Amino acid sequence: MVDSEKLMARLRYGGYTLLHDSNDTSAKIVIINTCGFIAGAKEESVNTILEFAEAKRRGDIEQLFVMGCLSERYKDDLRKEIEEVDDFFGVSSIDDILTAVGVPHVQVPRGERLLTTPKHYAYLKISEGCSRRCSYCAIPLIRGKHVSTPVEALVSEAQLLAQQGVKELLVVAQDATSYGVDLYGKRCLAALLAALSEVDGIEWIRLHYAYPAHFPDDVIEALRNNSKLCKYLDIPLQHVSDAVLKNMRRGINRRQTCELIGKLRSRVPGVALRTTLLVGHPGEDDAAFAELLDFVREVKFERLGVFTYSEEEGTYGARHFKDALGQEEKQRRADAVMKLQAGISASLNHAKIGKTLRVMLDRREGSGYAGRTEFDSPEVDGEVLIASEKPLTAGHFYSIQITAADEFDLYGELKITNS
Ligand code: SF4
């Protein structure tokens, strides 16, 4: 999304009118930014390309370009298979795309983006690539080694975003925990978060994709003490069984994982933990899967997502393991985890009934409004659905009394207007 937004800003400077993810059929040129992470994402990307290839065949659009991870990895194959696409580009090809659509290479302010999110929040990508080698993951093969953006450049980008009305920064990277190692010779995520929290206008900073092994203590302290940091951590654990974690090459075991969670829960009271798990990895026998279910039951993550393993060519997993489990069994395991999580999520949500929470309003929703607390990230987490006679404004904070809850969302009423 951030890459698309940077490209869109350059295209706008070049005189184009931009539509994002739109059903508006007036578009003459379509650029598809693809994902190539796992089987499901690849399939979705290919289906989108085919849909627009058909539109080009019908004459509805004039030009079709494809960029991003899938294109980086498979452009030669795709070029042969889908002739309607005018050209395929990789992950760092903004200049080439501008040339292809005839836009002069104008200079734009560093970090300039055309936001596709509501104007009060934006993603901030702090580094690119990943130097780890998790067995199942093709991202380092696609995006290359971990390269951090300097603190000053990120602070300027955050200032630019704040001037456009952004109040919430969603910090993303393939491996946020390693921020700074390549540039400064040490991990500097806590220092970066401190610098970002000084930016005028930024009220919430939310940390995504924090790799768990050797998790920095200073980031835990920052989560505890810095009031601009949401009490929220997206920490992808993938598994808990020692044998599976070893096969996954995650550099962490069960004991260290449990110690880290204990430390986060005790040092950052009230923190909402989001994790992602990967089921069906080679080595995950019935006992290892049962161990994973027990772990989910014990920890009670506030948010949780599950992927099923798919063998990705070129990865350590593809070279060293046999992908023995069928897709049906992998999906059964994923469904079992999500069913368990649904009950946990419902009971955690119900415990919030009667409380008054600070909510950032995102949008109108039906006859009311939808917003989020600091414990919820957009798109992936729950929302607070608000009934209010009084008109409310997107991007403002409100005190909302929670009156009901379900597995996903909270329901509430306006209590006192804050800002
Ligand atoms: S840390 Fe994340 S991006 Fe890097 S190799 Fe592991 S799963 Fe892939």
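Residues numbered from 1 in each chain as written. Predicted model: local features only at pLDDT ≥ 70, side-chain atom pairs only at ≥ 80, totals over all residues.

Caption draft 1: Looking closely at the overall build of the chain. Counting its regular elements, the chain contains 14 helices and 16 strands. Compactness check: the chain gives a C-alpha radius of gyration of 22 Å against a globular reference of 22 Å for 419 residues, within 12% of the reference. By the burial criterion, 38% of the 419 residues in the chain qualify as buried. (Helix = DSSP H or I, 4+ residues; strand = E, 2+ residues; numbered from the N terminus. Rg over C-alpha atoms; globule rule 2.2 N^0.38 Å. Buried ≥ 20, exposed ≤ 12 C-beta atoms within 10 Å, placed from the backbone.)

Caption draft 2: Layout of the domain arrangement of the chain. For the chain, the assigned domains read domain 1 (2–100), domain 2 (121–350) and domain 3 (356–417). The gap between the C-alpha centroids of domain 2 and domain 3 is 26 Å. Contacts between the two partners involve 21 residues from domain 2 and, on the opposite side, 12 residues from domain 3. Ranked by residue count, the leading element in the side of domain 2 that touches domain 3 is helix α14 (residues 327–350), at five residues. Its residues assigned to classes, the side of domain 2 that touches domain 3 shows eight nonpolar, five polar and eight charged. (Domains from an automatic or database assignment. Contact = placed C-beta atoms within 7 Å. Nonpolar A, V, L, I, M, F, W, Y, C, P; charged D, E, K, R; others polar.)

Caption draft 3: Quick look at the site of the ligand. Every residue near the ligand is listed here: C130, R132, R133, C134, C137, I139, P140, Q174, D175 and Y211. Considering only residue class, the shell around the ligand consists of six nonpolar, one polar and three charged. (Near = placed C-beta within 6 Å.)

Caption draft 4: Structural detail: the sheet that holds strand β10 (residues 272–279). An order of β4-β7-β8-β9-β10-β11 is seen for the six strands of this open sheet, with the pairing classed as parallel. The sheet terminates laterally at β4 (121–125) and β11 (303–308), the two strands that pair on one side only. For this sheet, the mean angle separating the axes of adjacent strands, direction not counted, is 20°. Pairing of strand β9 (residues 229–234) with β10, which is carried by three bridges, proceeds in the parallel orientation. Looking at the pairing, D234 lines up with R274 of β10. (Pairing = 2+ DSSP bridges. Axes fitted to C-alpha atoms, helices over the stretch in contact; angles between N-to-C directions.)

Caption draft 5: The sheet that holds strand β3 (residues 87–88), seen in detail. The strand order across the open sheet built from three strands is β1-β2-β3, with neighbouring strands paired in parallel fashion. Every other strand in the sheet has two partners, leaving β1 (29–34) and β3 as the edge strands with one partner each. Judged from the six bridges that link them, β1 and strand β2 (residues 63–68) form a sheet pairing that is parallel. The residue of β2 that forms the bridge with I31 is F65. Sheet contacts for helix α2 (residues 39–58): β1 and β2; angle to β1, the most-contacted strand, approximately 170°. This element, helix α3 (residues 69–81), spans β1, β2 and β3 of the sheet and lies at about 130° to β2.

Caption draft 6: View of the nonpolar core. Of all hydrophobic cores here, the largest spans 67 residues; its most connected members are L124, L169, L196 and I205. Domain assignment of the residues forming this core places at least three in each of domain 1 (2–100) and domain 2 (121–350). Filtering out sequence-adjacent residues up to four positions away, L196 remains in contact with L154, V155, A158, L169, I202 and I205. One finds I31, F52, F65 and F88 within the second-largest nonpolar core, a separate group that totals 12 residues. (Core = buried A, V, L, I, M, F, W, Y, C linked by C-beta atoms within 7 Å.)

Caption draft 7: Main features of the pairing of strand β14 (residues 384–387). Covered by surrounding structure in β14 are V384 and I386 only, the residues L385 and A387 on the alternate face being uncovered. Where strand β13 (residues 368–372) and β14 come together, three bridges link them in antiparallel fashion. In the sheet register, G371 faces β14, and the bridge partner there is V384.

Caption draft 8: Structural context of unusual backbone geometry. We note that K300 has phi near 55°; this positive angle belongs to a residue other than glycine. You can see K300 is positioned in the loop between α12 (286–299) and β11. Take K300: there are 15 C-beta atoms within 10 Å of it, and that puts it in the partly exposed class. Backbone geometry places E379, a non-glycine residue, at a positive phi of 75°. Tracing the backbone through its elements, the reader meets E379 in the loop between β13 and β14.

Caption draft 9: How the structure looks around the environment of D234. Here D234 lies in strand β9. A sequence separation of 40 residues divides D234 from R274, and the C-alpha atoms of the two residues are 4.5 Å apart. The contacts of D234, once residues within four sequence positions are left out, are L207, H208, Y209, A210, R274 and S377.

Caption draft 10: View of α14. With 24 residues, α14 ought to run about 34 Å at 1.5 Å a step, and its terminal C-alpha atoms sit 34 Å apart, in line with that. Burial in α14 covers these residues: K330, R333, Q341, S345 and N349. (Expected span 1.5 Å × (residues − 1).)

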